[in-house]
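# Topology and contacts: notes
In case you want the letters, here they are:
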Amino acid sequence: MKLNERSLAFYATCDSPADNAGFLYKRGERHTAYHRRWFVLKGNMLFYFEERDSREPVGVIVLEGCNVELCDSAEGFTFAIRFGGTKSRTYVLAAESQAAMESWVKSLSRASFDYMRLVVRELEKQLQEMRQGLAGGCGGSQEPPGPWKPKPSGLEQSRERLPALPAILPKENGCAVWNNVLGADQARDTSGCGGHEEEESPRPPPLPPRRRVSNGEAASAGAAVAESPSTFCRLHEQYSREMARLRQDWQQRQRGPRP
């Protein structure tokens, strides 16, 4: 596999989120002394720098085909990255605390694509089992599910239950009559299943009985209509004079008796 140094350096120092980062002690390949390095884990690549603010990494470890194991060493919190093969190098690292060591071991063990492939296969297996369980719970129906339709709201359901009203309500003597609406004269359901419908859509209250007009009232009404405008003018003048007289008497009472 060919690695481009510039691409690796850019990937190591770019703003992409890191899976783990922190200081670790790395044992040298030739010399067994430990050197403190800044490690950054991104995907399946473990970069290490001389300092935290270094612009380029010193090296990179590709975490494929390796195992992360704990080590028995004089140094505390030590673990190793071992690759398969006789001539493969083993990287020995040491953390500064037990919590840091556990965090790094967990992160490095999950960094390879082999681990991700196993996780994906396990998730696909669980998804397939869930689908089979749902199909069995529905009675083994093989029909594909139909298109989803929104459930009608309560207002739409109530509109469907109401009978259609005519464009013009029938009138009797100039008043609308509700009993003549379409569907109002239908016989009530005697099966005992129509109680809920009557509660949901109550009938309108009955109209009061029409008052019969007597002959005398009709004659007086006709006479009032037949009066000319001159009669109204005479009444207006009469009432205005009466109001002026009453206003004058009231003003005199307010002033009191004259001495």
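Residues numbered from 1 in each chain as written. Predicted model: local features only at pLDDT ≥ 70, side-chain atom pairs only at ≥ 80, totals over all residues. Heavy atoms only, no water.

## Notes on the pattern of salt bridges
The criterion, for reference: In the sections that follow, a salt bridge refers to a side-chain nitrogen of Lys or Arg positioned within 4 Å of a carboxyl oxygen of Asp or Glu. Think of it this way: any DSSP run of H or I at least four residues long counts as a helix, any run of E at least two long counts as a strand, and we number them from the N terminus.
Under the defined criterion, the tally for this structure stands at 6 salt bridges. R117 serves as the salt-bridge partner of D114, at 2.8 Å between the closest nitrogen and oxygen. Residue D114 and its partner R117 are both found in helix 3 (residues 113-137); the two are separated by 3 residues, about one turn of the helix. Measuring nitrogen to oxygen at the nearest pair gives 2.3 Å for the salt bridge that ties R245 to E242. One end of the pair is R245 and the other is E242, both in helix 7 (residues 229-255) and 3 residues apart, which spans about a single turn.

## What about the pairing of strand 2 (residues 34-42)?
The line we're drawing: The rule for pairing is simple: two strands pair if DSSP sees at least two bridges between them.
In this structure, strand 1 (residues 20-27) lies alongside strand 2, joined through 8 bridges in antiparallel fashion. Paired with Y25 across the strands is R36, a residue of strand 2. The antiparallel pairing of strand 1 with strand 2 creates a hairpin that spans 6 residues between the two strands. Pairing of strand 2 with strand 3 (residues 45-49) involves 5 bridges; the strand directions are antiparallel. Paired with K42 across the bridge in strand 3 is M45.

## Examining the nonpolar core
Here is the rule: Here, nonpolar core means buried Ala, Val, Leu, Ile, Met, Phe, Trp, Tyr and Cys residues that are tied together by side-chain atoms lying within 4.5 Å of each other. For the exposure calls, accessible area comes from a 1.4 Å probe over protein chains only, and a residue counts as buried if that area is under 20% of its type's maximum, exposed if over 50%, partly exposed in between. Whether two residues are in contact is decided by their heavy atoms: any pair within 4.5 Å suffices.
Ranked by size, the top nonpolar core spans 19 residues in total, and within it L46, L63, F79, I81, W104 and L108 carry the most contacts. Looking at this core, the elements that each hand over two or more residues are strand 2, strand 3, strand 5 (66-70), strand 6 (78-83), strand 7 (91-94) and helix 2 (98-109). When neighbours within four sequence positions are excluded, L63 is seen to be in contact with L41, N44, L46, I81, L108, A111 and S112. Formed by 7 residues, the second largest nonpolar core is a distinct cluster that contains L8, W38, V40 and F47.

## Quick word on helix 1 (residues 5-13)
Using the following cut-off: The arc refers to the directions leading from the helix axis to the C-beta atoms.
For helix 1, the full list of buried residues reads L8, A9 and A12. The buried side chains of helix 1 occupy one side of the element, clustering within an arc of 100° when seen end-on. Residues of helix 1 that are exposed and angled more than 90 degrees away from the buried face: R6 and F10. Residues of helix 1 that are buried in the fold lie against strand 2, strand 3 and strand 4 (59-62).

## Quick notes on the sheet that holds strand 7
Short version of the rule: Interaxial angles span 0 to 180 degrees and are taken between N-to-C directions of axes, which are lines fitted to C-alpha atoms, for helices over the stretch in contact.
The 7 strands lie next to each other as 4-3-2-1-7-6-5, forming an open sheet whose pairing is antiparallel. Looking at which strands have only one partner, the edges of the open sheet turn out to be strand 4 and strand 5. Each strand axis lies, on average, 35° off the axis of its neighbour in the sheet, ignoring direction. Alignment of strand 6 against strand 7, held across 4 bridges, turns out to be antiparallel.

## Focus: unusual backbone geometry
Unlike most non-glycine residues, F77 shows phi in positive territory, near 55°. Among the structural elements, F77 can be located in the loop between strand 5 and strand 6.

By themselves, these observations are geometric and do not establish any function.
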